[in-house]
Amino acid sequence: MADLLEIDAVCASYGRIQALSEVSLKVPQGAIVALLGSNGAGKSTTLNTVSRLVPVTAGQIRFAGEAIQSWPSHKVVSAGILQVPEGREVFRDMSVRENLDMGAYRRNDAAGIRRDLERVFEYFPKLQERLQQKAGTLSGGEQQMLLIGRALMAGPRLLLLDEPSLGLSPLLVQQIFAIIERLNREGLTILLVEQNAAIALGCSSYAYILENGEVALEGPSEHLRRDDSVRRTYLGG
Amino acid sequence: MDLQLALIFLQQGIASGLVSGSVYALLALAIVIIFKTSDVPNFAQGEVFMAAGYVALYLFVFQQMPIWVVLPATLLAAFLAMALFRRVVLDQVAKSAKDLVYLVIATLGLSYVLKGLVRRTGFGDTPRSFPALVPTDSVMIGQASVTLLDLAIFGTAVAVMAAFFWMFNYTKTGRAMRAVGMNPKAAQLVGVDLRRCHMLIWGLSGVISAIAALLISPKILMTADMGSIVMLAFAAAIVGGFSSLPGAVVGGFIIGIVENMVGLFISSRAIVLAPFLAILIVLVLRPQGLFGGKLTIKKV
Ligand SMILES: Nc1ncnc2c1ncn2[C@@H]1O[C@H](COP(=O)(O)OP(=O)(O)OP(=O)(O)O)[C@@H](O)[C@H]1O
Ligand SMILES: [Mg+2]
């Protein structure tokens, strides 16, 4: 199938520190692709170059065939690329409802927004119960649900998920990933950043492993799951 | 002082305090919306206020333009000046220097530029007053004497603040502004155009300052130094907690009333101390300000 997102030899740096050197990866339409790696490998930086929060110093990023590496961040959102950031980046002093409304910031189709709100409530009934609660007072798991819900409110074509399992109980991780797989079955393309390699390799079709800002290894997730070096380093033996 | 007189003073102090307080409240609001979203105290707010007053004076008195042209032209000039300052100067400074201190220094620079410009034109050499658009006949409210102009100042200020609160709390644009203040990264991730949002906020802050100038300049002698009134607006913002909009407004009225009370009950020479007195009392009793959230220690 055609590639929805292509990252082609992208370099990025923070001041003099080179964070990414010639990272290339592809996300086919309709797939879940995993991006793995240890702390500081450059996973979040990769997502942020796509979301246009981090400047690209070399290389190209294409979305549905169009070069987007010099777009402003809001244009990327309008095109349908939505990032669910790591850490609890909610609007703390806004209600859950307002956070979800912010997700639809670039849309004007009232009917479509209402439909997507219903859909978010269907995935995360917890959010509907807490519509008026301040987002900052939600539990960690609820905030993660809110972040995903907020991104869904934009009507995305591609979801960039940054460590959705971080800091959640095993049960919650299962629930979140059940929803991620369901979203994918319903047609959403997903680039999934994870440190939990076992679960990421379980739900993705293809995976890349970053080390020190470079792609160290890539392949179908099933192969990587059986690869000895991957097992030793990322799957704990 | 007998009780009767004290009661009259009390009423007069509140009435006059609400009038001067509405100007402090407007300016404090202009300062706080910028601080909440840019983390920068805009030290040029007083000079923007002053320059807007002179733009109006120039158009109305020297160019003899009709008032229905002067008012929108002044507000537009204030909007554009502030929006462009944000876009051209601050964005550029922010790009090359990560530290917020440089942005603060840039606002100090703007204040000197504006003052210098007004001085160069020479309009500020002789103190003038903007002609009052509303009659200055006195009316009694209770036992306090105020002018119709005072009532117009207070009424307009309250209406402007109400409109602004509505915009900030209930419109999509206002929600985006609050989002930028809370979490600029998350705001970008949902598609807020940060640059445009900041320009809009700085522009609106300029408009609010210009309205304050148009309201008060018939009552004062305009000079190039009239922007120093902004110290009282900063005092108001501090009293209110510095990042709370309702706090800024309430703080403005408190400073106005305290100032007038001190003038009436103690001495007109003690007025300059009044705002510091108010800050001192509030900060001792409530270090985070009247409307400030919990105190958080910022890591530096
Ligand atoms: N804003 C920043 N300024 C300077 N350096 C940064 C910044 N953000 C990230 N880095 C550096 O870039 C490198 C890659 O960071 P990145 O956040 O992309 O890693 P990551 O793979 O997402 O790690 P983690 O799993 O811990 O989230 C790290 O060495 C990090 O220290
Ligand atoms: Mg990361």
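Keep in mind that this is a model prediction, so the values were computed, not measured.

Some details on the interface of chain A and chain B
A common measure of how large an interface is: the accessible area buried when the components associate. Counting from both sides, the interface comprises 25 residues of chain A and, opposite them, 17 residues of chain B. For the pair chain A and chain B, the two sides together bury roughly 1900 Å², of which 61% comes from carbon and sulfur. Counting every contact that joins chain A to chain B gives three salt bridges. Between Lys185 of chain B and Glu89 of chain A there is a salt bridge whose closest N-O contact spans 3.7 Å. Between chain A and chain B we count seven residue pairs in polar contact (both at pLDDT 80 or more) in total. Counting residues per element, the ones that place at least two in the side of chain A that touches chain B are helix 2 (73-79), strand 6 (81-84) and helix 3 (96-103) of chain A. Here the side of chain A that touches chain B gets four residues from one element, more than from any other, and that element is helix 3 of chain A. Within the side of chain A that touches chain B, the residues separate by chemical class into 10 nonpolar, seven polar and eight charged.

Some points on the domain arrangement of chain A
All names here are of chain A. The assigned domain composition of chain A is domain 1 (1-80 + 157-237) and domain 2 (88-154). Taking only C-alpha atoms, the centre of domain 1 and the centre of domain 2 are 23 Å apart. Counting residues at the interface gives 17 residues for domain 1, matched by 13 residues for domain 2. Across the domain 1 to domain 2 interface the summed buried area is about 1200 Å²; carbon plus sulfur atoms make up 68%. Applying the counting criterion to the domain 1 and domain 2 interface returns two salt bridges. The closest approach of N and O atoms between Glu186 and Arg119, which form a salt bridge, is 3.7 Å.

Let's talk about the nonpolar core
Most often, soluble globular proteins have nonpolar side chains that are buried together. Within the largest apolar cluster, 92 residues are counted, with the highest numbers of intra-cluster contacts made by Met102 of chain A together with Leu26, Phe49, Met161 and Val192 of chain B. In contact with Phe49 of chain B, other than residues within four places in its own chain, are Val23, Leu27, Ser209, Ala212, Ala213, Ile216, Met226, Gly227 and Ile229 of chain B.

As for the packing of aromatic side chains
Here the structure, examined in full by the defined rule, presents 11 aromatic pairs over all chains. Taken together, a centroid distance of 6.4 Å and an interplanar angle of 20 degrees make the contact between Tyr58 of chain B and Phe62 of chain B stacked. You can see Tyr58 of chain B and its partner Phe62 of chain B sitting in helix 2 (residues 45-62), four residues apart, about one turn around the helix. On the basis of relative accessibility, which here comes to 34%, the residue Phe62 of chain B falls in the partly exposed class. Ring pairs connect the aromatic residues Phe35, Phe43, Phe234 and Phe242 of chain B, which therefore count as one cluster. The lysine or arginine in question, Lys75 of chain A, covers the ring of Trp71 of chain A, its NZ or CZ lying 4.3 Å from the ring centre. The ring of Tyr105 of chain A has Lys172 of chain B lying over it, and the distance from NZ or CZ to the ring centre is 5.6 Å.

Considerations on the coordination of the magnesium ion (ligand 2)
Residue and element names in this part refer to chain A. Bound to the magnesium ion (ligand 2) on the protein side are Ser44 (OG) and Glu86 (OE), at distances that span 1.9 to 2.5 Å. One end of the pair, Ser44, is in helix 1 (residues 43-50); the other, Glu86, is in the loop between strand 6 and helix 3, with 42 residues separating them in the sequence. Of the residues examined, Glu86 reaches a relative accessible area of 28% and is grouped as partly exposed.

Looking at the site of ligand 1
Residue and element names in this part refer to chain A. Around ligand 1, 13 residues are found, and the nearest of them are Asn39, Gly40, Lys43, Ser44 and Thr45. Interatomic distance of 2.5 Å between a side-chain N/O atom of Thr45 and an oxygen atom of ligand 1. Within the side chain of Glu86, a nitrogen or oxygen atom sits 3.0 Å from an oxygen atom of ligand 1. The leading source of residues in the shell around ligand 1 is helix 1, at three residues.

Comments concerning the environment of Ser78 of chain A
Tracing the backbone through its elements, the reader meets Ser78 of chain A in helix 2. Distance from Ser78 of chain A to Ala104 of chain A, taken between C-alpha atoms, is 9.9 Å for residues 26 residues apart in sequence.

As for the sheet that holds strand 3 (residues 32-36) of chain A
All names here are of chain A. Taking strand neighbours across the sheet as the criterion, the six strands line up as 6-7-8-3-9-10 in an open arrangement whose pairing is mixed. Pairing within the sheet leaves two strands with one partner each, and these edge strands are strand 6 and strand 10 (214-220). Between one strand and the next, the sheet's axes are offset by a mean angle of 15 degrees, whatever the strand orientation. Lying on the sheet, helix 1 is in contact with strand 3, strand 6, strand 7 (158-162), strand 8 (189-194) and strand 9 (206-211); it crosses strand 7 at an angle near 150 degrees. Contacting strand 3, strand 7 and strand 8, helix 7 (residues 170-185) crosses the sheet at an angle of about 150 degrees to strand 8.

A closer look at the pairing of strand 7 of chain A
Residues and elements named next belong to chain A. Burial of strand 7 is extensive: five of the five residues sit out of reach of the surface. Here strand 6 pairs with strand 7 via four bridges, running parallel. By the bridge assignment, Leu82 is partnered in strand 7 with Leu159. Pairing analysis gives five bridges linking strand 7 to strand 8, with the strands arranged parallel.

Parameters and conventions
- Residues numbered from 1 in each chain as written.
- Chains lettered and ligands numbered in written order.
- Predicted model: local features only at pLDDT ≥ 70, side-chain atom pairs only at ≥ 80, totals over all residues.
- Heavy atoms only, no water.
- Contact = heavy atoms within 4.5 Å.
- Buried area = accessible area lost by both parts, 1.4 Å probe.
- Salt bridge = Lys/Arg side-chain N within 4 Å of Asp/Glu carboxyl O.
- Polar contact = N/O pair within 3.5 Å; in protein donor to acceptor, adjacent residues only side chain to side chain.
- Helix = DSSP H or I, 4+ residues; strand = E, 2+ residues; numbered from the N terminus.
- Nonpolar A, V, L, I, M, F, W, Y, C, P; charged D, E, K, R; others polar.
- Domains from an automatic or database assignment.
- Core = buried A, V, L, I, M, F, W, Y, C linked by side-chain atoms within 4.5 Å.
- Buried < 20%, exposed > 50% of the residue type's maximum accessible area, 1.4 Å probe, protein only.
- Phe/Tyr/Trp six-rings, centres within 6.5 Å; stacked < 30°, edge-to-face > 60°.
- Lys NZ or Arg CZ within 6 Å of the ring centre and 35° of its normal.
- Donors = N, O, S within 2.8 Å, 3.2 Å for Na, K, Ca; no water.
- Near = heavy atom within 4 Å.
- Pairing = 2+ DSSP bridges.
- Axes fitted to C-alpha atoms, helices over the stretch in contact; angles between N-to-C directions.

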